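So you can see what is in the structure, the chains are spelled out below.
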Amino acid sequence: MARTTPAPASGPFQSYHLSGAFDEMFTAPGKPRSQYRPLYKRILELSPDEMRRRQQAADLSFLHQGITFTVYGREEGTEKIFPYDLLPRIITAAEWEHLERGLTQRLVALNLFLDDIYHKGVILKDKVIPRDLVYSCKHYRKEMRGVDVPRQVYVSVAGTDLVRLADGTFAVLEDNLRVPSGVSYMLANRQVMKWAFPVLFRNFGVRPIDHYGQVLLSTLRALAPQRDREPTIVLLTPGVYNSAYFEHTFLARQMGIQLVEGRDLLVHDGVVSMRTVGGLRRVDVIYRRVDDDFLDPLAFRPDSALGVPGLFNAYRAGNVNLSNAIGTGVADDKAVYAYVPAIIGYYLKEEPILPNVETYLLTDDSQRQHVLDRLDQLVVKAVGESGGYDMLIGPHSCEREREEFRRRIEARPRNYIAQPTLDLSRAPCFIDGVVEPRHVDLRPYILYGEQVNIVPGGLTRVALRRGSLVVNSSQGGGSKDTWVLCE
Amino acid sequence: MTMLSRVADHLYWMSRYLERSEHTARMIDVFYNLVLEQAPESAARHWDKLLTSLEFGSTFAELEKSGLDSHQLTQTLTFDADNPSSIYSCIRAARDNARNVRELISSEMWSELNRLYLGVTEARRDEEIGAHPHDFYQTVKEGAQLFQGITDSTTYRGPGWSFIQLGRFVERARSLAVLLEAHFKQARSEEYLDLVALLKCCTAFEAFCKVYSPELQRARIVQFLLLNSEFPHSVRFAVDRIDRSLQRISENAPQANSTRLLRLTGRLVASLRYGTLEEILAAGLPGFLEEIRRQLADIHDAVYATYIAYPIEQALEPLHAGEFW
């Protein structure tokens, strides 16, 4: 039986079916959005063998550069390449301008919020956000009350997760305000992309991101406690066994700063120094990739071997600055997240530019009941976790998992929130020789020193398993290059 | 150029362990070949010398009593993960150290060391390796030498380079001193095959024959392996390099108490540079070698006390005087 099929039904797009989710590339079958047209044309021109060859070259380049991450909970030394998809995700200049304004607004407001709750707590007195909710947060640090941080900047490096809803609206899914990672993949993806598709890249007018290291360095410099001399800045890593160690080495090299471990630093008379072959050298700013809990065994977890005894005292005395500040996790708690639109309104007297995703607070009896009745439809997340751990995706769960989460929610309702299962937008990915749609999110990296700075791009994470909604690298996700266009 | 003490420590040990693995591989290879042509009782004598040279801590007779044959012994010296001096353990330790400073060594260095490690790991699982041990030891020696060649040609000549050189030559000087002591302690060690083996353990047979002649005389061999200034596997050559590395480090990273360290190395250099063979033999070779080992241990400790694990109080003095900022 003869059937007229549009062009994409054959060739590389033969198994590309649109669904209810927003499609980044197509408005209708065979109808790419204008920003994707040159890419679409190029894919149709290239033979599957050629595409495969470029994908292999890209994979090999990641392997040779040692761009790997460690998966926890498996055999020791499980290093994997972060799976990389060849086809770029494209963001128009207008979309980016909107995102940039929205992310800036959000980060400025969250910093005002942190400064407020660690000082006067006016927002709590005004009952915009319940006092209990803030104080019961696992990442709230009472030790930070009354501590002044340079420029009142608490979060100087954020990696906000954005998703695109069915109508094409970008919404914020999570604020990562503690030690967000992944920026090295953003930079490495771009490098590999330029090797794989040089001509396409040149003709597209893609905004550069290579200066991220420099912008991060000037951000950290702007946060030095003493401004009368050139500050010494270091990157503090938990060490080679950390899952993001590659990124730590990568960023230290990009910025030309020392990569230190806790044992390289010591505190004497409230001053932090690093131990070098030329003697002790004073340290002014620490870009720390170590969690709050492990920073200082005297102030926080006493069993931490990763930290520096006395660091917190030096910090409180204003002799050293930490990026990010201690205690920022209270602002990316997933229950506090529900109040971010109110926080923006309260401090800035503005409407939020980027909306939140609808969120149910399980401490509220009626919301909790609503959620418990619909566990098979909703997503449940632990408030203080990241990386896709301790999470239930209702529609993809079994009865046993739902019972387990029901039990956990009833035991500790403050510990969880629920959200609708989002039909994340989908972007074309090169899979087994053809192009198929996969769900994606977007994590831009926002820097805040003297002012807010966002390198135009981000990490587009891809749920590579067909139908999967989980993009975390620890859970089978990959990534692709993200192109922000000049116009 | 600032260098963290921890980084210097890793580079130093990376280099020492790799030098040790190469030395051990060469020693086992030479002795394995040697005993092939020996009657069992003199084989035991040679095994004993190997064990002493590698500071194994038990004699061959003791090992045999506990049921270990010569094949198992070479396996222990080569592959045993519980023996910290086995070739496998040394290469693993070298790699672990390199891994901690991976961003500071060249990527070529890392990939060569990684390749060597993976090769040894694979050989460990290979049941057939005992049938052609020479090929395996050859691979280890070549891998270690390739790594050193790559290091020479890709490393910036800063303090990192100096610590790599330091580790390599401290290890070399030490293992040469131990080997010479073990060799000349044994009676009958003047036999031709013994002397050939000694030279081969130091990759010195060919060079020695060029400088002297294949007529092997004890005095000439001691002269060559102990006091020669141009041969890379002589004690004097290694000590000269130790001294040079430490001079460069103290220029790059001035430390108040480096004077003591430089005095220690200067003294050792002088004894090898200006001492004569006649004096050394008259005073007793074993005592001289033991003294070299002691001095090397002092140098190692002084390197730590000066650059790596220095006491805070000592480091704080210049701070309070405001010399650093």
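Criteria and thresholds
Residues numbered from 1 in each chain as written. Chains lettered and ligands numbered in written order. Predicted model: local features only at pLDDT ≥ 70, side-chain atom pairs only at ≥ 80, totals over all residues. Heavy atoms only, no water. Helix = DSSP H or I, 4+ residues; strand = E, 2+ residues; numbered from the N terminus. Rg over C-alpha atoms; globule rule 2.2 N^0.38 Å. Buried < 20%, exposed > 50% of the residue type's maximum accessible area, 1.4 Å probe, protein only. Contact = heavy atoms within 4.5 Å. Buried area = accessible area lost by both parts, 1.4 Å probe. Salt bridge = Lys/Arg side-chain N within 4 Å of Asp/Glu carboxyl O. Polar contact = N/O pair within 3.5 Å; in protein donor to acceptor, adjacent residues only side chain to side chain. Nonpolar A, V, L, I, M, F, W, Y, C, P; charged D, E, K, R; others polar. Expected span 1.5 Å × (residues − 1). pLDDT = per-residue confidence, 0-100. Core = buried A, V, L, I, M, F, W, Y, C linked by side-chain atoms within 4.5 Å. Patch = residues over 30% accessible without salt bridge, like charges linked within 9 Å, V, L, I, M, F, W, Y side chains within 5 Å. Areas by Shrake-Rupley, 256 points an atom, 1.4 Å probe, with all protein chains shown as cover. Lys, Arg positive; Asp, Glu negative; His and termini not counted. Charge placed at Lys NZ, Arg CZ, Asp CG, Glu CD. Pairing = 2+ DSSP bridges. Axes fitted to C-alpha atoms, helices over the stretch in contact; angles between N-to-C directions. 1 Å grid on protein atoms, 1.4 Å probe; cavity = no way out; pocket = protein on both sides within 12 Å on 5 of 7 lines; lining within 4 Å. Points joined across faces, edges and corners; volume = space filled by probe spheres on them. Domains from an automatic or database assignment. Phe/Tyr/Trp six-rings, centres within 6.5 Å; stacked < 30°, edge-to-face > 60°. Lys NZ or Arg CZ within 6 Å of the ring centre and 35° of its normal. Right-handed = clockwise from strand over helix to strand, strands pointing away.

## Quick word on the overall build of chain A
Scanning chain A from N- to C-terminus turns up 14 helices and 25 strands. Computed over its C-alpha atoms, the radius of gyration of chain A comes to 23 Å, within 12% of the 23 Å expected for a compact globule of 487 residues. Taken along the three principal axes of its C-alpha coordinates, chain A extends 85 × 60 × 50 Å. Residue burial in chain A is summarised as follows: out of 487 residues, 60% are buried. Taking as baseline every contact in chain A between residues at least 6 positions apart, the subset at least 24 positions apart corresponds to 68%.

## Considering the interface of chain A and chain B
At the interface, 25 residues of chain A touch 26 residues of chain B. Both sides of the chain A and chain B interface together cover about 2,400 Å² of buried area, and 54% of this is carbon and sulfur. If you sort the residues of chain A by the area they bury against chain B, Arg-275, Val-277 and Leu-280 of chain A come out on top, with a joint share of 32%. Our count for the contact surface shared by chain A and chain B stands at 2 salt bridges. Between Arg-6 of chain B and Asp-264 of chain A there is a salt bridge, with its nearest N and O atoms 2.7 Å apart. Counting across the chain A and chain B interface gives 12 residue pairs in polar contact (both at pLDDT 80 or more). Looking at the side of chain A that touches chain B, the elements that each hand over two or more residues are helix 9 (245-255), strand 10 (258-260), strand 11 (265-268), strand 12 (271-276) and strand 13 (279-282) of chain A. Here the side of chain A that touches chain B takes 4 residues from strand 13 of chain A, the largest share from any one element. Here the side of chain A that touches chain B is composed, by residue class, of 9 nonpolar, 7 polar and 9 charged.

## Side note on helix 1 (residues 5-36) of chain B
For an α-helix the count is 3.6 residues per turn, leaving residues at separations of three or four pointing the same way. For helix 1 of chain B, with 32 residues, the first-to-last C-alpha span of 47 Å sits near the 46 Å given by 1.5 Å per residue. Counting buried positions along helix 1 of chain B yields 27 of 32 residues, so the element is predominantly enclosed.

## Section: the confidence of the model for chain B
Residues and elements named next belong to chain B. Overall, the prediction assigns chain B a mean pLDDT of 90, with 96% of residues at 70 or greater. Throughout residues 319-325 the model reports pLDDT below 50, and contacts reaching past four residues in sequence, or to other chains, amount to 11 contacts. Predicted as a complex, the structure gets a pTM of 0.88 and an ipTM equal to 0.85.

## Details of the nonpolar core
Core analysis: the biggest nonpolar cluster contains 185 residues, and Phe-113, Ile-117 and Ile-286 of chain A together with Phe-163 and Leu-226 of chain B have the highest contact counts within it. Tallying contributions element by element places helix 1 of chain B first for this core, with 15 residues. The next biggest cluster of nonpolar side chains, apart from the first, holds 60 residues, and it includes Leu-86, Ala-188, Phe-204 and Phe-430 of chain A.

## Looking at the environment of Gln-65 of chain A
Residue and element names in this part refer to chain A. Structurally, Gln-65 can be placed in the loop between helix 2 (48-64) and strand 3 (68-70). Under the relative-accessibility criterion, Gln-65 is labelled partly exposed at 32%. On a C-alpha basis, the gap between Gln-65 and Ala-188 in space is 9.2 Å, while along the polypeptide they are 123 residues apart. Not counting chain neighbours up to four residues away, the residues in contact with Gln-65 comprise Val-192, Trp-195 and Phe-246.

## Examining the side chain of Ser-323 of chain A
All names here are of chain A. As for its placement among the helices and strands, Ser-323 is situated in strand 15 (residues 321-323). Look at Ser-323 and you get buried, because its relative accessible area is 1%. A polar side-chain atom of Ser-323 sits 2.7 Å from a polar atom in the side chain of Ser-156. Among residues more than four places away in sequence, those in contact with Ser-323 are Ser-156, Val-157, Leu-220, Ile-286, Tyr-287 and Arg-288.

## Points about a negative patch on the surface
Together, Glu-122, Asp-126, Glu-127 and Glu-128 of chain B make up a region of like negative charge exposed at the surface. Among the secondary structure elements, Asp-126 of chain B is positioned in the loop between helix 6 (107-125) and helix 7 (133-154).

## A closer look at the sheet that holds strand 10 of chain A
Residues and elements named next belong to chain A. One open sheet accounts for 4 strands, arranged 10-9-14-15; its pairing is parallel. Where the open sheet ends on each side, the last strands, each with one partner, are strand 10 and strand 15. Taking each pair of neighbouring strands and ignoring which way they run, the sheet shows an average axis angle of 30°. Where strand 14 (residues 285-288) lies against strand 15, 3 bridges are found, and the strand directions are parallel. Bridge pairing links Val-285 to Asn-321 in strand 15.

## Some remarks on empty space enclosed by the protein
All names here are of chain B. Overall, the coordinates contain 9 cavities of 30 Å³ or more when judged by the stated rule. One number sums up the size of the second largest cavity: a volume of about 100 Å³. Surrounding the second largest cavity, Ile-28, Tyr-32, His-71, Thr-74, Gln-75, Thr-78, Phe-79, Ile-129, Gly-130, Pro-133, Phe-136 and Tyr-137 form its lining. Every element with two or more residues in the lining of the second largest cavity is listed here: helix 1, helix 4 (70-79) and helix 7. Residue classes in the lining of the second largest cavity are distributed as 7 nonpolar, 5 polar and no charged.

## Comments concerning the pattern of salt bridges
All names here are of chain A. Under the criterion given, the structure shown has 55 salt bridges over all chains. Residue Glu-24 is joined to Arg-164 by a salt bridge in which the shortest nitrogen-to-oxygen separation is 2.9 Å. Of this pair, Glu-24 sits in the segment before strand 1 (26-28) while Arg-164 sits in strand 7 (residues 161-164), and the two are 140 residues apart along the sequence. Taken as a pair, Glu-24 and Arg-164 share a single burial class, namely buried. A cluster of three or more residues bridged by salt bridges with shared partners is formed by Glu-24, Arg-89, Glu-95 and Arg-164.

## A look at the domain arrangement of chain A
When its domains are assigned, chain A resolves into domain 1 (17-95 + 184-207 + 428-484), domain 2 (104-161 + 209-348) and domain 3 (360-420). Of note, the centres of domain 1 of chain A and domain 3 of chain A, computed from C-alpha atoms alone, are 30 Å apart.

## What about the packing of aromatic side chains?
The final tally for this structure, using the stated rule, is 29 aromatic pairs over all chains. A ring pair is formed by Tyr-12 of chain B and Trp-13 of chain B, whose centres lie 5.5 Å apart and whose planes are at 85°; its orientation type is edge-to-face. We note that Tyr-12 of chain B, like Trp-13 of chain B, is buried. Seen in terms of ring centroids, Phe-169 of chain B and Phe-237 of chain B are 6.1 Å apart; in terms of plane orientation they differ by 55°. Their pairing is tilted. Placement of Phe-169 of chain B in helix 8 (residues 159-185) and of Phe-237 of chain B in helix 12 (residues 235-252) is noted, with a sequence separation of 68 residues between them. Phe-237 of chain B matches Phe-169 of chain B in its accessibility class, with the two residues each being buried. Following the ring pairs from residue to residue traces out a cluster consisting of Phe-13, Tyr-16, Phe-26 and Tyr-40 of chain A. Lying over the aromatic face of Tyr-310 of chain B, Arg-275 of chain A brings its terminal NZ or CZ to 4.7 Å of the ring centre. Lying across the ring of Tyr-346 of chain A, Lys-349 of chain A places its NZ or CZ 5.6 Å from the centre.

## Remarks on the pairing of strand 14 of chain A
Residue and element names in this part refer to chain A. Judged by which residues are buried, strand 14 turns out to be covered on both faces: Val-285 and Tyr-287 on one side and Ile-286 and Arg-288 on the other are all buried. Two elements, strand 9 (residues 233-236) and strand 14, share 4 bridges in a ladder whose sense is parallel. Its bridge partner being in strand 14, Leu-235 is matched across the sheet by Tyr-287. For the handedness criterion, the β-α-β arrangement of strand 14, helix 10 (residues 311-316) and strand 15 is classed as right-handed.

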